[in-house]
Amino acid sequence: MASLTSTGTWLLILSLGVVGSQNISARIGEPLVLTCKGAPRKPPQQLEWKLNTGRTEAWRILSPEGAPWESVARILPNGSLLLPAVGIQDEGTFRCRATNRHGKEIKSNYRLRVYQIPGKPEIVDPASELIAGIPNKVGTCLSEGGYPAGTLSWLLDGKALVPDGKGVSVREETRRHPDTGLFTVQSELTITPARGGPLNPTFSCSLSLSPSAPGRRALHAAPIQPSVWEPLPFEEVRLVVEPEGGVVAPGGAITLTCEVPAHPPPQIHWLKDGSPLATAPSSVLFLPEVGAQDQGIYSCVATDQGQRSRESPGVSVSIIDSRENSQAEDSDEGPGLGLLALVLGVLGGLVIAALLVGILLWKRQQRLHREERKVPECPEEEEQRAELNQPEEQETAESNAGGP
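This is a predicted model, so every value here is computed, not measured. Going along each chain's sequence as written, the residues are numbered from 1 onward. The predicted nature of this model means local features are confined to residues of pLDDT at least 70 and side-chain atom pairs, given and counted, to a pLDDT of 80 or more, with totals for whole chains, interfaces and linings taken over all residues. Excluding hydrogens and water, the side-chain figures rest on all heavy atoms present in the structure.

A. Broad picture of the overall build of the chain. In terms of regular secondary structure, the chain is built from three helices and 28 strands. Considering only contacts within the chain whose residues lie at least 6 apart along the sequence, 61% involve residues at least 24 apart. With residues, only the protein chains shown are counted as cover, and all accessible areas are computed by Shrake-Rupley using a 1.4 Å probe. Accessible area for the chain stands at about 25,500 Å²; split by element, carbon and sulfur atoms hold 53% of it. Put simply, DSSP marks the helices as runs of H or I at least four residues long and the strands as runs of E at least two long, and each gets a number from the N terminus on. Contacts are residue-level and defined by heavy atoms, with any inter-residue pair within 4.5 Å sufficient.

Below, the structure is given as structure tokens:
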């Protein structure tokens, strides 16, 4: 026993100051010595220990003459009971009945509770931004490795937050490790910031330990400070369809895009002929192989964070049969060819008319040229030409007269 008391750094000795029952606490994994009041310090000793804990189904009796209870507990030479390493299963009742050297019987009762200090809590998955006027998840306060399970609480700017089911709600969960028996507790905070409130509130959480953990104050997590802003309402929802007009051949593809100038982007749902479509929220609706069942009037509904909604104007989606399409193309080509023929006919007529006009002008110019050659240049020249021609005419007449 002297050796045990000399190594008091690893041994905790608790003795009863008075005869009766006493509640004691011990940290998990550390040694514990329970003193049997009234027992003689040296053998022979008349005493027995009775244990009723999580390791026993009923009372278990230990005596100095008996064998140690494996590594769970054993009686020391001075009659005290040693638990080398306290565990969760050691919680329970310990009783000692001893007879001193004067023959007086003394009883000692202990009620043992164990504890384990968890690590410092922390806020996981913290929010960086909060939107005023709507519920926002702030974060999850997490504490691991404690026993018994402590209690988590939230604070806003140093003041306790009380869940009211409206602006403040908390969802708590407690889990126990199947091997160690230690607890993990978590608390998820959801809050609705008031419009016009603080722009940078400070949130923190703390863990209150069990009363069985003596001398321990609450453990605090590092605070977070998200920003708060108010969403801008959207004024217009526009639906764009490709190809333009929403008309394709059977099996063609159509893309519908819902455009909303708002921040943050609202949630987009789709309607067909006024009924919701079973599609995931998205700003784009893609119809890869359009068939008769896809024809109809499509629209999109934008819903912002404040649950305000606005619907776009409807856009028609339809298909056109390939034969009708070819006929339509032919009918489209017919007027084009007729117009081309008409233009060519007009141009041809103009060319022919131009040729005829040119020929007429040429003939007229030739006639005028001949007439200009017949007109005398002056009267004197004409008279001289007549005088020269008279002798020749006389000679011709005489020769004709003197002939046979």
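Next comes the rest of the write-up.
B. Region of interest: the packing of aromatic side chains. In summary, the pairing rule links any two rings of Phe, Tyr or Trp, Trp by its six-membered ring, whose centres are within 6.5 Å, and it sorts them by plane angle into stacked for under 30 degrees, edge-to-face for over 60 and tilted for everything else. What the rule picks out here adds up to two aromatic pairs. Ring geometry for Tyr-147 against Phe-183: centres 5.7 Å apart, planes inclined by 20 degrees, an arrangement best described as stacked. Remark: Phe-183 occurs in strand β16 (residues 183–191) and Tyr-147 occurs in the loop between β12 (136–146) and β13 (151–156); sequence separation between them is 36 residues. Of the two residues, Tyr-147 and Phe-183, both sit in the buried class. When a residue's accessible area, from a 1.4 Å probe over protein chains only, is under 20% of the maximum for its type it is buried; when over 50% it is exposed; and in between it is partly exposed.

C. Representation of the layout of surface pockets in the model. In this structure, the second largest pocket occupies an estimated 160 Å³ of space. Points on a 1 Å grid, built from protein atoms alone, make a cavity when a 1.4 Å probe fits but cannot get out and make a pocket when they are open with protein on both sides within 12 Å along at least 5 of 7 lines; residues with an atom within 4 Å of a point are the lining residues. Taken together, 13 residues make up the lining of the second largest pocket; nearest its centre are Leu-156, Pro-193, Ala-194, Pro-198 and Pro-201. For this classification, the nonpolar set comprises Ala, Val, Leu, Ile, Met, Phe, Trp, Tyr, Cys and Pro, the charged set comprises Asp, Glu, Lys and Arg, and every other residue, Gly included, is treated as polar. The residue makeup of the lining of the second largest pocket, split by class, is nine nonpolar, three polar and one charged. Grid points are joined across faces, edges and corners, and a volume is the space filled by probe spheres set on the points.

D. Focus on the nonpolar core. Within this scheme, the nonpolar core is defined by two criteria: the residues are buried Ala, Val, Leu, Ile, Met, Phe, Trp, Tyr or Cys, and they are joined through side-chain atoms within 4.5 Å. One finds Trp-49, Leu-81 and Phe-94 to be the most contacted residues of the largest nonpolar core, which totals 26 residues. At the level of elements, β2 (21–27), β3 (32–34), β4 (46–53), β7 (81–83), β8 (92–99) and β9 (105–115) are the ones that each hand at least two residues to this core. Formed by 23 residues, the second largest nonpolar core is a distinct cluster that contains Leu-130, Cys-141, Val-168 and Leu-189.

E. Focus on a nonpolar patch on the surface. To count toward a patch, a residue needs a relative accessible area above 30% and no salt bridge. Like charges then connect within 9 Å, nonpolar side chains (Val, Leu, Ile, Met, Phe, Trp, Tyr) within 5 Å. One side-chain nitrogen of Lys or Arg within 4 Å of one carboxyl oxygen of Asp or Glu is enough to make a salt bridge. Nonpolar side chains collect at one region of the surface, where Leu-339, Leu-340, Leu-342, Val-343, Leu-344, Val-346, Leu-347 and Leu-350 lie side by side and expose about 760 Å² of accessible area between them. Here Leu-344 lies in helix α2 (residues 322–374).

F. Representation of the environment of Leu-83 in the model. Following the sequence through the fold, Leu-83 ends up in strand β7. The spacing of Leu-83 and Val-72 is eleven residues in sequence and 5.9 Å in space, taken between C-alpha atoms. With sequence-adjacent residues up to four places away left out, Leu-83 is seen in contact with Glu-30, Pro-31, Leu-32, Val-72, Ala-73, Asp-90 and Phe-94.

G. The side chain of Thr-56, seen in detail. Its location among the elements puts Thr-56 in the loop between β4 and β5 (60–62). Whenever a nitrogen or oxygen atom comes within 3.5 Å of another N or O atom, the pair is scored as a polar contact, on the condition that within protein one atom can donate a hydrogen and the other can accept it, and that pairs from neighbouring residues in sequence are kept only if both atoms are in side chains. Looking at Thr-56, its side chain comes within polar contact range of the main-chain nitrogen of Thr-53, at 3.0 Å. Residues within four places of Thr-56 in sequence aside, it is in contact with Leu-51 and Trp-69.

H. How the structure looks around the pattern of salt bridges. Across all of its chains, the model carries nine salt bridges by this definition. Between Arg-97 and Glu-48 there is a salt bridge; the shortest N-O distance is 2.9 Å. Pair noted here: Arg-97 is in strand β8 and Glu-48 is in strand β4, with a separation of 49 residues, a long-range link. Overall, Arg-97 belongs to the partly exposed group, its relative accessible area being 37%. Here Arg-55 ties to Asp-90 by a salt bridge, and the two come within 2.6 Å at their closest N and O atoms. Of this pair, Arg-55 sits in the loop between β4 and β5 while Asp-90 sits in the loop between β7 and β8; the two residues are 35 residues apart in sequence, bridging distant segments of the chain.

I. Just unusual backbone geometry, in detail. Between Tyr-147 and the following residue, Pro-148, the backbone shows a cis peptide bond with an omega angle of -10 degrees. In this structure, Pro-148 sits in the loop between β12 and β13. Look at the link from Glu-242 to Pro-243: it is a cis peptide, with omega at 0 degrees. Secondary-structure assignment places Pro-243 in the loop between β20 (238–242) and β21 (247–248). With a phi close to 45 degrees, Glu-70 is a non-glycine residue in the positive phi region. For Glu-70, the location among the structural elements is in the loop between β5 and β6 (74–75). The residue Asp-157 is not glycine, and still its phi comes out positive at about 50 degrees.

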